[in-house]
Amino acid sequence: IIAIFIFVLIVDHSVYAMEWEDEEGPISFKIEMLPWEIVNNIIPDKTNFTIIDIETGLSFKVQRRAGSHHADVQPLTKEDTQIMKKIYNNKWSWNRRAIIVLINNQMIAASMHGMPHGAGALPNGFSGHFCVHFSGSITHRLKNEDLSHKLMILKAAGKLDDYIQTVNPYELIRIFTIAINQGNQELLAMTLSNPSHPHRVNKLVKDITYFGVVDPLRQPPEQLNGLFLVDVPVQVAIHKKKDGKEIKVMHFMIRKESLTDRWFIDQDAIYEDLK
């Protein structure tokens, strides 16, 4: 069943937004975006389940060990640890990834990071546990919903594009920031005008190790062209591999084509500002 699902997923990413029934069995391939309160009961502590990575199609087994507002899990075996590490290009990372949690005959949209931390008890070669978030999950430290996890949960559910259609200019800048810090070129392209050709910006951001907003986005954007073009000045800290840290004010030119269109960050303007 997993093999069939992975094949369909790789061939056409749009399929995971739909319900797909197995004609020869009772299994439904509908991806559910369930709230944490429900998932918490579906995967109680010590439950084994399967994680499927959306982008690679690779899958591995895990066990939930703890977690009150999200699931703290560990790979089940050393072989599962190696598959997880392969998903992260053989280098552990805090970067979030869109995943499907497969438990019994349910597939649930979720997000994981790939960094061992804290305690671990299984003989799996994984030094600690990692976190799996679901819709409405919150973090241990800040006690709020992590936007980077939320975006990957939406991606797993096939709802990311619909969500970005609704965000305002300030929220779009937050997503742009996450895309750079996560090294997520697909997400970055979704924030930019002319998203099918983000090559120039991609080349620039590869040298950035951290992009952060220093000054909160409090100033109302200046409307430059009625309702369709706004200038949002933001003080940012940019850490580059070669040039070190720089604090500067960037002007995000954010536009849309009509009242019913979504907001985009003007790619040409942001390229000049980053350059």
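Here the structure is a predicted model, which is why all the values come from computation and not from measurement. (Residues numbered from 1 in each chain as written. Predicted model: local features only at pLDDT ≥ 70, side-chain atom pairs only at ≥ 80, totals over all residues. Heavy atoms only, no water.)

**Student:** Can you help me understand the packing of aromatic side chains in this one?
**Tutor:** Aromatic ring pairs are reported here in terms of the distance separating the ring centres and the angle at which the planes meet. In the structure shown here, the tally under the stated rule is six aromatic pairs. Seen in terms of ring centroids, tryptophan 36 and phenylalanine 134 are 6.0 Å apart; in terms of plane orientation they differ by 25 degrees. Their pairing is stacked. Of this pair, tryptophan 36 sits in helix H2 (residues 36-42) while phenylalanine 134 sits in the loop between strand E7 (130-133) and helix H4 (147-156), placing them 98 residues apart in sequence. Just as tryptophan 36 is buried, phenylalanine 134 falls in that class too. Aromatic side chains phenylalanine 60 and phenylalanine 130 sit 6.4 Å apart centroid to centroid with 45 degrees between the ring planes, which places their arrangement in the tilted category. Pair noted here: phenylalanine 60 is in strand E3 (residues 59-66) and phenylalanine 130 is in strand E7, with a separation of 70 residues, a long-range link. (Phe/Tyr/Trp six-rings, centres within 6.5 Å; stacked < 30°, edge-to-face > 60°. Helix = DSSP H or I, 4+ residues; strand = E, 2+ residues; numbered from the N terminus. Buried < 20%, exposed > 50% of the residue type's maximum accessible area, 1.4 Å probe, protein only.)

**Student:** Would you take a moment to explain the pattern of salt bridges for this structure?
**Tutor:** This structure, assessed with the given rule, holds ten salt bridges. Two residues, arginine 97 and glutamate 55, come together in a salt bridge whose shortest N-O distance is 3.9 Å. Pair noted here: arginine 97 is in strand E5 (residues 93-103) and glutamate 55 is in the loop between strand E2 (48-53) and E3, with a separation of 42 residues, a long-range link. For arginine 97, a relative accessible area of 15% puts it in the buried group. For glutamate 55, a relative accessible area of 44% corresponds to the partly exposed category. Note that glutamate 257 and arginine 255 form a salt bridge whose closest N and O atoms lie 2.4 Å from each other. Salt bridges sharing common partners tie together Asp53, Glu55, Arg97, Lys155 and Glu186. (Salt bridge = Lys/Arg side-chain N within 4 Å of Asp/Glu carboxyl O.)

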